[in-house]
Structure formats: structure tokens, C-alpha cells
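Overview (structure and organization)
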Amino acid sequence: QVQLVESGGGLVQAGGSLRLSCAASGSIVSVQAMGWYRRAPGKERELVAGITRGGSTNYADSVKGRFTVSIDNAKNTVYLQMNSLKPEDTAVYYCNAAVIQTGGVFRSYWGQGTQVTVSS
């Protein structure tokens, strides 16, 4: 079993910054990729940013140039640096990790979510 623990959410004013962290622990042989998704009120969950263990990244168009995702493979931890935050960034942010477990099992896990609120 794998557990993802997120931290760093909170309330900020428009234009401010936050850094989210997500640490994966448990029966992990290696993390192949980690990413951040978000669900805003009344909207579907969407991919915000993803990163492979090799450092390849993918961003939603709405956050390009403002958000930066990074990964520490040794710590099985992904970070999301969010700058120039906008009210439309308000959402619950969820961490996802695609991992190789003992026995060669490959699957994804979700964090519990952390609230990010950006006031105008």
C-alpha cells in the first residue's frame, strides 16, 4: 500500500505564491511519475502539472509560466511552486503518484487533497 501526504495549501491573495508538497511512502520500489490535479467548484478534475522521474514535465495551458513542478526521486516527493496566483486557481489540489511496487505492480495513488484559495 502507498500513502501520499500533501501539504502547503492555504489562503493567499491574488498575485501571491504557494508551494505544495506531496510525499509518497509505503511499498514503493520506484516512483515513475508524479503529478498535481485540481478540482475547482463546479468543475471536473483537471491535470495541472505532471513530471516523470526523469524530469519531463507537462503543464495545463492555464498555469504555464506561473507554476513549476519538480520531483525529488530520493524522497519520493513532488512539489508544485505556484506563483502569480489567480482567483481561478482556487481549487482542491490532489497529488498523484504512479509507482512500481514490490512484485512489479504498477499503479497510481491519490493524495487526500489540499485546499488552495486565492482571494481577489
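Here is what the cut-offs are and how they apply
- Along each chain, numbering runs from 1 in the same order as the chain's sequence is written.
- Per-residue local features are limited, in this predicted model, to residues with pLDDT of at least 70; the limit for side-chain atom pairs, both in listing and counting, is 80 or more; totals at the level of whole chains, interfaces and linings are taken over all residues.
- Values shown for side chains rest on all heavy atoms present in the structure; no hydrogens or waters enter the calculation.
- Here the aromatic set is Phe, Tyr and Trp, taking the six-membered ring for Trp, and pairing holds for ring centres within 6.5 Å; pairs whose planes are under 30 degrees apart are stacked, those over 60 apart are edge-to-face, and all others are tilted.
- Secondary structure elements follow DSSP: runs of H or I no shorter than four residues count as helices, runs of E no shorter than two count as strands, and numbering proceeds from the N terminus.
- Any Lys NZ or Arg CZ that is within 6 Å of a ring centre and within 35 degrees of that ring's normal is treated as a charge sitting over the ring.
- Per-residue accessibility, obtained with a 1.4 Å probe over protein chains only, is compared with the maximum for each type, and a residue is labelled buried under 20%, exposed over 50%, and partly exposed between these values.
- Two strands pair if DSSP finds at least two bridges between them.
- For every element, the axis is a line fit to its C-alpha atoms; helices are fit only across the contacting stretch, and the angle between N-to-C directions ranges from 0 to 180 degrees.
- Each reported salt bridge corresponds to a side-chain nitrogen of Lys or Arg within 4 Å of a carboxyl oxygen of Asp or Glu.

In this section: the packing of aromatic side chains. For the coordinates displayed, the defined rule picks out one aromatic pair. Here the aromatic rings of Tyr37 and Trp110 are separated by 4.9 Å at their centres, their planes lie at 65 degrees, and the arrangement is edge-to-face. With a gap of 73 residues between them, Tyr37 in strand S4 (residues 30-39) and Trp110 in strand S10 (residues 106-110) connect regions that are remote in the sequence. The side chain of Arg45 reaches across the aromatic face of Tyr94, ending 4.1 Å from its centre. Against the face of Trp110 rests Arg45, its NZ or CZ located 4.3 Å from the ring centre.

The side chains of a regular strand alternate between the sheet's two faces. Residue alternation in strand S1 (residues 2-7) divides its side chains into a buried set, Val2, Leu4 and Glu6, and an unburied set, Gln3, Val5 and Ser7. Bridge count for S1 against strand S3 (residues 18-26) is six bridges, and the pairing is antiparallel. Counterpart to Val2 in the pairing with S3 is Gly26.

This part is about the sheet that holds S1. The strand order across the open sheet formed by four strands is S1-S3-S8-S7, and the pairing between neighbours is antiparallel. Taken across any chain shown, the strands that pair with only one partner, and hence form the sheet edges, are S1 and strand S7 (67-72). Between one strand and the next, the sheet's axes are offset by a mean angle of 15 degrees, whatever the strand orientation.

Here we come to the pattern of salt bridges. This structure, assessed with the given rule, holds four salt bridges. Asp89 is the salt-bridge partner of Arg38, the closest N and O atoms lying 3.0 Å from each other. Pair noted here: Arg38 is in strand S4 and Asp89 is in the loop between strand S8 (77-82) and strand S9 (91-100), with a separation of 51 residues, a long-range link. Exposure class is identical for Arg38 and Asp89. Each is buried. One salt bridge in this structure joins Asp89 and Arg66, with 2.7 Å as the shortest N-O distance.

As far as function goes, none of this settles anything; it's purely spatial.
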